[in-house]
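Fold and contact review
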Amino acid sequence: MLDSKYLRQNIDEVSRRLAIKGFDLNRKFLEEKEARRKKIQTETEELQSERNIRSREIGIAKAAGHDIKNLLDEVSGLGEKLDASKSELEQIQEELHEYYLTIPNIPDESVPVGDSEEDNLEVRRWGKIPENGTTFKDHVDLTSDSDRLSFEDAAKISGARFAIMRGKLAQMHRALVQFMLDVHVSEHGYEEVYVPYLVNQDALMGTGQLPKFEEDLFKIEGERGLYLIPTAEVPVTNILRDRIVEKEDLPVKFVCHTPCFRSEAGSYGRDTRGMIRQHQFEKVELVMMVRPEDSQDAHEELTSHAETILKKLELPYRTVNLCGKDLGFASAKTYDLEVWLPGQEAYREISSCSNFLDFQARRISGRWRESPSGKPLLFHTLNGSGLAVGRTLVAIIENFQNKDGSLEVPGLLQPYMGGTTRISL
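Let me begin by describing the structure that accompanies this report.

Thresholds applied
Position numbers for residues count from 1 along each chain, tracking the sequence in the order it is written. In keeping with the predicted nature of the model, local features appear solely for residues at pLDDT of at least 70, side-chain atom pairs appear and are counted solely at 80 or more, and the whole-chain, interface and lining totals rest on all residues. Note that the side-chain values use all heavy atoms of the structure and ignore hydrogens as well as water. In this description, a nonpolar core means a group of buried Ala, Val, Leu, Ile, Met, Phe, Trp, Tyr and Cys residues linked to one another through side-chain atoms lying within 4.5 Å. Accessibility here uses a 1.4 Å probe with only protein chains present; expressed as a share of the type maximum, an area under 20% marks a residue as buried, one over 50% as exposed, and anything in between as partly exposed. Put simply, DSSP H or I for four residues or longer makes a helix, DSSP E for two residues or longer makes a strand, and each gets a number counted from the N terminus. We call two residues in contact when some of their heavy atoms are within 4.5 Å. Two strands pair if DSSP finds at least two bridges between them. Any Lys or Arg side-chain nitrogen found within 4 Å of a carboxyl oxygen on Asp or Glu counts as a salt bridge. Aromatic rings from Phe, Tyr and Trp, with only the six-membered ring used for Trp, were paired whenever their centres fell within 6.5 Å, and each pair was classed as stacked if the ring planes differed by under 30 degrees, edge-to-face if by over 60, and tilted otherwise. Two limits define a charge over a ring: the Lys NZ or Arg CZ must be within 6 Å of the ring centre, and within 35 degrees of the ring normal. Polar contact is the term for a pair of N or O atoms within 3.5 Å; when the atoms are in protein, one must be able to donate a hydrogen and the other to accept it, and sequence-neighboring residues count only if both atoms are side-chain atoms.

If you look at the biggest cluster of nonpolar residues, it comprises 49 residues, and the most contacted ones within it are Met 172, Ile 396, Leu 407 and Leu 413. Residue assignment for this core shows that the elements contributing at least two residues are α5 (139-142), α7 (167-186), β9 (280-290), α10 (295-312), β11 (333-341), β12 (346-355), β15 (380-388) and α12 (389-399). Residue contributions to this core peak at nine residues, all from α7. Beyond its immediate stretch of four places on either side in the chain, Leu 413 contacts Met 172, Ala 175, Leu 176, Phe 179, Leu 313 and Ile 396. Ranked by size, the runner-up nonpolar core spans 22 residues in total, among them Val 14, Ile 40, Leu 101 and Ala 330.

Our focus in this paragraph is the pairing of strand β10 (residues 317-321). Burial analysis of β10 places four of its five residues in the buried class, which makes it a mostly covered element. Across five bridges, the pairing between strand β1 (residues 121-126) and β10 is antiparallel. Bridge pairing in β10 places Arg 125 opposite Arg 318. Pairing analysis gives five bridges linking β10 to β11, with the strands arranged antiparallel. Bridged to Asn 321 within β11 is Tyr 335.

Next up on the list: the pattern of salt bridges. Opposite charge on two side chains lets them pair, provided their charged atoms get close. Scanning the model with the defined rule gives 35 salt bridges in all. The salt bridge involving Arg 16 is made with Glu 109; its shortest N-O contact spans 3.7 Å. Here Arg 16, found in helix α2 (residues 11-19), pairs with Glu 109, found in the loop between α4 (69-100) and β1; they are 93 residues apart in sequence, far enough to count as distant. A residue is classified by how much of its surface remains accessible, and Arg 16, at 43% relative accessible area, is partly exposed. Note that Arg 125 is salt-bridged to Glu 122, the shortest N-O span being 2.7 Å. With relative accessibility at 48%, the residue Arg 125 sits in the partly exposed group. Judged by relative accessible area, which is 33%, Glu 122 ranks as partly exposed. If you follow the salt bridges from partner to partner, you end up with Glu 13, Arg 16, Arg 17 and Glu 109 in one network.

So, on to the packing of aromatic side chains. Enumeration according to the criterion identifies seven aromatic pairs in this entry. For the ring pair Phe 329 and Phe 359, a centre distance of 5.8 Å and an interplane angle of 80° mean the geometry is edge-to-face. Of this pair, Phe 329 sits in the loop between β10 and β11 while Phe 359 sits in helix α11 (residues 359-364), and the two are 30 residues apart along the sequence. Residues Phe 329 and Phe 359 agree in their burial class; the two are buried. Among the aromatic residues, ring-to-ring pairing joins Phe 213, Phe 329 and Phe 359 into one connected group. Of note, Lys 253 hangs over the ring of Tyr 190, and the distance from its end group to the ring centre comes to 4.8 Å.

In this section: the side chain of Asn 120. Considering the arrangement of structural elements, one finds Asn 120 in the loop between α4 and β1. For Asn 120, the side chain forms a polar contact with the main-chain nitrogen of Cys 323, separated by 2.8 Å. Polar side-chain contacts of Asn 120 include one of 2.9 Å to the side chain of Asp 326. Non-local contacts of Asn 120, meaning those with residues more than four positions away in its chain, are made with Val 320, Asn 321, Leu 322, Cys 323 and Asp 326.

Once that is clear, we can look at unusual backbone geometry. Cis geometry is found at the peptide bond from Leu 250 to Pro 251, where omega equals 0°. Along the chain, Pro 251 falls in the loop between β7 (244-246) and β8 (252-261). Residue Gly 386 is joined to Leu 387 through a cis peptide bond whose omega torsion reads 20°. Among the structural elements, Leu 387 can be located in strand β15. Phi at Glu 314 takes a positive value of approximately 60°, unusual for a residue other than glycine. Inspection of the secondary structure assignment puts Glu 314 in the loop between α10 and β10.

With that settled, the discussion passes to the environment of Gly 225. Looking at the element boundaries, Gly 225 is found in the loop between α8 (201-207) and β6 (227-228). Given a relative accessible area of 18%, Gly 225 falls into the buried group. As a C-alpha pair, Gly 225 and Val 339 span 114 residues in sequence and 37 Å in three-dimensional space. Once residues lying within four places of it in the same chain are set aside, the contact partners of Gly 225 are Val 199, Asn 200, Gln 201 and Lys 219.

Spelled out as structure tokens, the structure:
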């Protein structure tokens, strides 16, 4: 959520920068509601003051033995006006709050202007695109003659956009999770956490999934109002909800492996083939909370940590700076890591590394303190996939395929798979 004071004082600049995201700020609504709020708030304070004065006069008159009926009637009338004024003020504040929840984060000045992913700015590229002397197959065709990866069996159980993995392929999927966690904990200094896979509305509101992305979530029917997590970002970021972190405890760095559940309501017809866009998938997520002055460097650091996994697995990739209209709702700046998939002859997203500044912290009331006696300030939050496990598996299948249809196991994964060096697909 944006700082309402900053927005009011810089409404022209905020409106201009939000337009880069394609968001049309309703200035008329905000200015009218804010003017009305100020007026009602002043009236409320005046009524409260007047009622306090009259109440004191009642005490003085009563002590002096005077008739206080008229004063009592006057105070009663003031009380009714005060209640009505408070009620209107609360209603206006609620309307403003609900609108603020729909306003996206302001894009950073370094975010390129653009209308789609075609306008994203490539920052760097790593790795050599593989050649094997023949046409590369995609992961679906490579596994079509076996039961190692089956979309048909999953469809009988759960419908479209689910997958079943068996044997060595399932083992490699599990190995990738363990490998990623080990690297991020032992080499990058993250603390591993385990979190619930069901969260409430407040948690989703805190990270920006609600109210905008309600239709993309799987909601559990019933009185508890819980949702399946779309990403570990939601429960992990909310660990520090309503908390004050001392300066010496920053940065906070969490890594978490979870399944993720997304209805993909707005993506029908996109990436329906194979494992690229599933309703259920696994991710290893990186989450950081840092001092505001450190967030830009932390963003570069977190992105490099996700890139490390791709480098260790020898998977070619590129890093792109997302343009305004491809940028997420809560993000001020995002780097996407796109891995090369030879079966598609294209780079495809495998991680999004985002800096949210204080946007999420304001929603969850996440704060830090310079000193024990200092005023609590909002920290900055960042996160990124380190990496999406299913898409990493797809990238390995397609980049490490052999002419005979078998699959080489990347060297650093072999110890996690009992020394297996090759898989028959």
